[in-house]
Amino acid sequence: HLDFNKDSIVNSCPYCNSTNIVEIVDTKKYKKPDGMIPFSIDKKKSKELLKDWLKLHKVAPRKFVKSVNSSNPVGVFIPYWFFSTDVSVTYLIEQYENKQSFLKEKKYTNTFNNIFVSGSKNYDKEISNTINDYDFDKIIAYNPIFFNSFLAEKSNIDIEYAWKEAMIKMEKTILDDIRIAIPP
């Protein structure tokens, strides 16, 4: 008998250390990934990076320091939703000319590609939002066998919620762009 966290898709047997992978099944709210970006840092490099980080941060939990020095790092697959869309917005600005005001219609268009939203509630949202250096040229077809010897979980955030989060990100960009475009 092997217990899985409800969000995990990979687990190791505590007796023989064999890897067990759970198949993700599409449902109305959750979708199996279309693709994935493989890890770009191997275990050796990640251990070097962790040690370099520890040199810069003299205060760290003793347990963490000990684990960095004694064990091999394990890759963690975190699911993300990615959205792409075209946006067209018409807005009015009030302009003054010769001490008279008038409304002028303006149009804003933008193509948003790969707006990412974490697919996991199990990781801090602020940290998840900083992980954004993806090389989309390296996307490969989803294959659960890839997760052998990694920690991985399925998405536990549904697509409707993720889309709302993506719209919030796009709305901020749209408003910032429009503010910049409006003459003083």
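Owing to the predicted nature of the structure, the values given are computational and were not obtained by experimental measurement. (Residues numbered from 1 in each chain as written. Predicted model: local features only at pLDDT ≥ 70, side-chain atom pairs only at ≥ 80, totals over all residues. Heavy atoms only, no water.)

Caption draft 1: View of the overall build of the protein chain. Secondary structure assignment for the protein chain yields 4 helices and 8 strands. Taken from the N to the C terminus, the helices and strands of the protein chain come in the order β-β-β-α-α-β-β-β-α-β-β-α. For the protein chain, the share of sequence-separated contacts (at least 6 apart) that also reach a separation of at least 24 residues comes to 68%. On the protein chain, roughly 13,700 Å² of surface is accessible, and the fraction owed to carbon and sulfur atoms is 54%. (Helix = DSSP H or I, 4+ residues; strand = E, 2+ residues; numbered from the N terminus. Contact = heavy atoms within 4.5 Å. Areas by Shrake-Rupley, 256 points an atom, 1.4 Å probe, with all protein chains shown as cover.)

Caption draft 2: Here's a closer look at a nonpolar patch on the surface. Taken together, the side chains of Val 74, Val 76, Tyr 123 and Leu 151 make up a nonpolar region of the molecular surface, amounting to roughly 310 Å² of accessible area. Assignment of secondary structure puts Leu 151 in strand β8 (residues 151-152). Taking the relative accessible area as the measure of exposure, Leu 151 reaches 47% and is therefore partly exposed. (Patch = residues over 30% accessible without salt bridge, like charges linked within 9 Å, V, L, I, M, F, W, Y side chains within 5 Å. Salt bridge = Lys/Arg side-chain N within 4 Å of Asp/Glu carboxyl O. Buried < 20%, exposed > 50% of the residue type's maximum accessible area, 1.4 Å probe, protein only.)

Caption draft 3: How the structure looks around the pattern of salt bridges. Enumeration according to the criterion identifies 4 salt bridges in this entry. The closest approach of N and O atoms between Asp 176 and Lys 172, which form a salt bridge, is 2.9 Å. Of this pair, Asp 176 and Lys 172 both sit in helix α4 (residues 159-181), 4 residues apart, which is roughly one turn of that helix. Judged by its relative accessible area of 30%, Asp 176 falls in the partly exposed class.

Caption draft 4: Region of the structure containing the pairing of strand β6 (residues 100-118). Note: strand β5 (residues 80-97) against β6, 17 bridges, orientation antiparallel. The residue bridging Phe 82 from the neighbouring strand is Phe 116, located in β6. The loop that links β5 with its antiparallel partner β6 comprises 2 residues; one of these, Asn 98, has a positive phi angle of about 55°. (Pairing = 2+ DSSP bridges.)

Caption draft 5: Here's a closer look at α4. Between its terminal C-alpha atoms α4 stretches 32 Å, which fits the 33 Å expected from 23 residues at 1.5 Å a residue. Within the sequence span of α4, burial applies to Ala 162, Glu 165, Ala 166, Met 170, Ile 174 and Ile 178. Two or three places before Glu 160, at the start of α4, stands the capping residue Asp 158, its side-chain oxygen 3.1 Å from that residue's backbone nitrogen. (Expected span 1.5 Å × (residues − 1). Polar contact = N/O pair within 3.5 Å; in protein donor to acceptor, adjacent residues only side chain to side chain.)

Caption draft 6: A look at the packing of aromatic side chains. Scanning all chains against the criterion turns up 5 aromatic pairs. Taken together, a centroid distance of 6.3 Å and an interplanar angle of 45° make the contact between Tyr 80 and Phe 82 tilted. Residue Tyr 80 is classed as buried on the basis of its relative accessible area of 17%. The exposure class of Phe 82 is partly exposed, given its relative accessible area of 31%. Of the aromatic side chains, those joined through ring pairs into one cluster are Tyr 80, Phe 82, Phe 116 and Phe 136. We note Lys 169 situated over the ring of Phe 116; from NZ or CZ to the ring centre the distance is 3.9 Å. (Phe/Tyr/Trp six-rings, centres within 6.5 Å; stacked < 30°, edge-to-face > 60°. Lys NZ or Arg CZ within 6 Å of the ring centre and 35° of its normal.)

Caption draft 7: Molecular detail of the confidence of the model for the protein chain. Taken over all residues, the pLDDT of the protein chain has a mean of 80, while the share at 70 or more is 80%. At the level of individual helices and strands, the protein chain shows its lowest average pLDDT in strand β2 (residues 19-21), which scores 58, and its highest in α4, which scores 93. (pLDDT = per-residue confidence, 0-100.)

Caption draft 8: Quick peek at unusual backbone geometry. Unlike most non-glycine residues, Lys 99 shows phi in positive territory, near 60°. Take Lys 99: it is sitting in the loop between β5 and β6. Residue classification places Lys 99 among the exposed residues on the basis of a relative accessible area of 85%. Positive phi values are uncommon outside glycine, yet Asn 114 reaches one of about 55°. Mapped onto the elements, Asn 114 comes out in strand β6. Judged by its relative accessible area of 30%, Asn 114 falls in the partly exposed class.

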